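Architecture and fold: a report
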Amino acid sequence: MNIQDAQKEVDNWIKDHGVRYFNELTNMAQLTEEVGEVARIIARRYGEQSEKESDKDKDLGEELADVLFVVLCLANQTGVDLQKAFDKRMDKKAKRDHDRHHNNEKLK
């Protein structure tokens, strides 16, 4: 599935199950909340914080998918073609960062 297909699938889900999109500000708050859930897992599972028993069954993939869902909602409701934007960004990053990262001593 490409990003355009994912945007369509989210839009169809909203129409079939979600009644309507939450407004942009609500979705931004929801995105922040979902990113916080990802951060909690990363900090405890891969960082130095100890993992609470209640956090051990949390699925990082599902939490990342929640972040993606809200990003796709925001793209849909603001008229952003995320596939086009992503492709443009990847092209820019490839041109701008190729030599920079290969010459970074910190990454060797």
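Residues numbered from 1 in each chain as written. Predicted model: local features only at pLDDT ≥ 70, side-chain atom pairs only at ≥ 80, totals over all residues. Heavy atoms only, no water.

Under an unreviewed UniProt entry, the name given to the protein chain is NTP pyrophosphatase, house-cleaning of non-canonical NTPs, and the source organism is Flaviramulus basaltis.

Re the pattern of salt bridges
Stated formally: Here, a salt bridge means any Lys or Arg side-chain nitrogen found within 4 Å of an Asp or Glu carboxyl oxygen.
Taken as a whole and assessed by the stated rule, the structure comprises 11 salt bridges. Through salt bridges with shared partners, a single network forms among Arg 40, Arg 44, Asp 55 and Lys 58.

Focus: the packing of aromatic side chains
As a reminder of what qualifies: Between rings of Phe, Tyr and Trp, where Trp is taken as its six-membered ring, a pair exists when centres lie within 6.5 Å; planes separated by under 30 degrees are stacked, by over 60 edge-to-face, and by other angles tilted. Numbering of helices and strands runs from the N terminus; a helix is a DSSP stretch of H or I covering at least four residues, while a strand is a stretch of E covering at least two. Type-normalised accessible area, obtained with a 1.4 Å probe on protein chains alone, sets the label of each residue: buried when under 20%, exposed when over 50%, and partly exposed for intermediate values.
Per the stated rule, a full pass over the model turns up 1 aromatic pair. A centroid spacing of 5.6 Å and a plane angle of 90° characterise the contact between Trp 13 and Phe 69, whose relative ring orientation is edge-to-face. Taken as a pair, Trp 13 in helix α1 (residues 3-18) and Phe 69 in helix α3 (residues 60-78) lie far apart in primary sequence, 56 residues in all. Looking at Trp 13, the relative accessible area reads 40%, which means it is partly exposed. Phe 69 gets classed as partly exposed once you look at its relative accessible area, which sits at 30%.

Overview of helix α2 (residues 24-45)
Heads up, the rule is: The span expected for a helix works out to 1.5 Å for each residue beyond the first. Should any heavy atoms of two residues lie within 4.5 Å, those residues are considered in contact. N or O atoms within 3.5 Å of each other form a polar contact, as long as, within protein, one can give a hydrogen and the other can take it, and as long as residues adjacent in sequence are counted only when both atoms are side-chain atoms.
Here α2 is 22 residues long and its end C-alpha atoms lie 31 Å apart, about the 32 Å a rise of 1.5 Å per residue gives. Turning to α2, its buried residues number three or more, namely Asn 27, Leu 31, Glu 34, Val 38, Ile 41 and Arg 44. Those residues of α2 hidden inside the fold are in contact with α3. At the N-terminal end of α2, a side-chain oxygen is found 3.1 Å from the backbone nitrogen of Leu 25, two or three residues along, and the residue is Asn 23.

A few points about the packing of α1 against helix α4 (residues 82-102)
Just so we agree on the cut-off: Axes here refer to lines fitted to C-alpha atoms; in helices the fit is confined to the stretch in contact. Angles between the N-to-C directions go from 0 to 180 degrees. We call two directions roughly parallel when the angle between them is under 35 degrees, roughly antiparallel when it is over 145, roughly perpendicular when it lies between 65 and 115, and oblique otherwise. Here is the rule for handedness: rotate from the far helix to the near one, and if that takes an anticlockwise turn smaller than a right angle the crossing is left-handed, while a clockwise turn gives right-handed. Each residue gets one label: Ala, Val, Leu, Ile, Met, Phe, Trp, Tyr, Cys and Pro are nonpolar, Asp, Glu, Lys and Arg are charged, and the others, such as Gly, are polar.
Between α1 and α4, the shortest axis-to-axis distance is 7 Å and the interhelical angle comes to 150°. By the criterion of interaxial angle, the relationship of α1 to α4 is roughly antiparallel. The crossing of α1 and α4 is right-handed. Counted together, Ile 3, Gln 4 and Gln 7 of α1 and Leu 82, Gln 83 and Phe 86 of α4 form the full contact between these two elements. A class-by-class count of the residues in the contact of α1 with α4 yields 3 nonpolar, 3 polar and no charged.

Topic: the environment of Ala 39
Along the polypeptide, Ala 39 turns up in helix α2. Classification of Ala 39 by relative accessible area gives partly exposed; the value is 41%. The sequence separation of Ala 39 and Glu 63 amounts to 24 residues, and the corresponding C-alpha distance is 9.6 Å.

Quick word on the nonpolar core
One broad rule of soluble globular proteins: the nonpolar side chains tend to lie buried together. The line we're drawing: We call a set of buried residues a nonpolar core when its members are Ala, Val, Leu, Ile, Met, Phe, Trp, Tyr or Cys and they connect through side-chain atoms within 4.5 Å of each other.
Grouped together as the largest cluster of nonpolar side chains are 7 residues: Leu 31, Val 38, Ile 41, Leu 60, Val 67, Val 70 and Leu 74. Secondary structure elements with two or more residues in this core: α2 and α3. Looking at which element gives the most residues to this core, the answer is α3, with 4 residues. The residues touching Leu 60, leaving out its near neighbours within four places in the chain, are Val 38, Ile 41, Ile 42, Arg 45 and Tyr 46. Core analysis: the next-biggest nonpolar cluster, separate from the first, contains 6 residues, Ala 6, Tyr 21, Leu 72 and Cys 73 among them.

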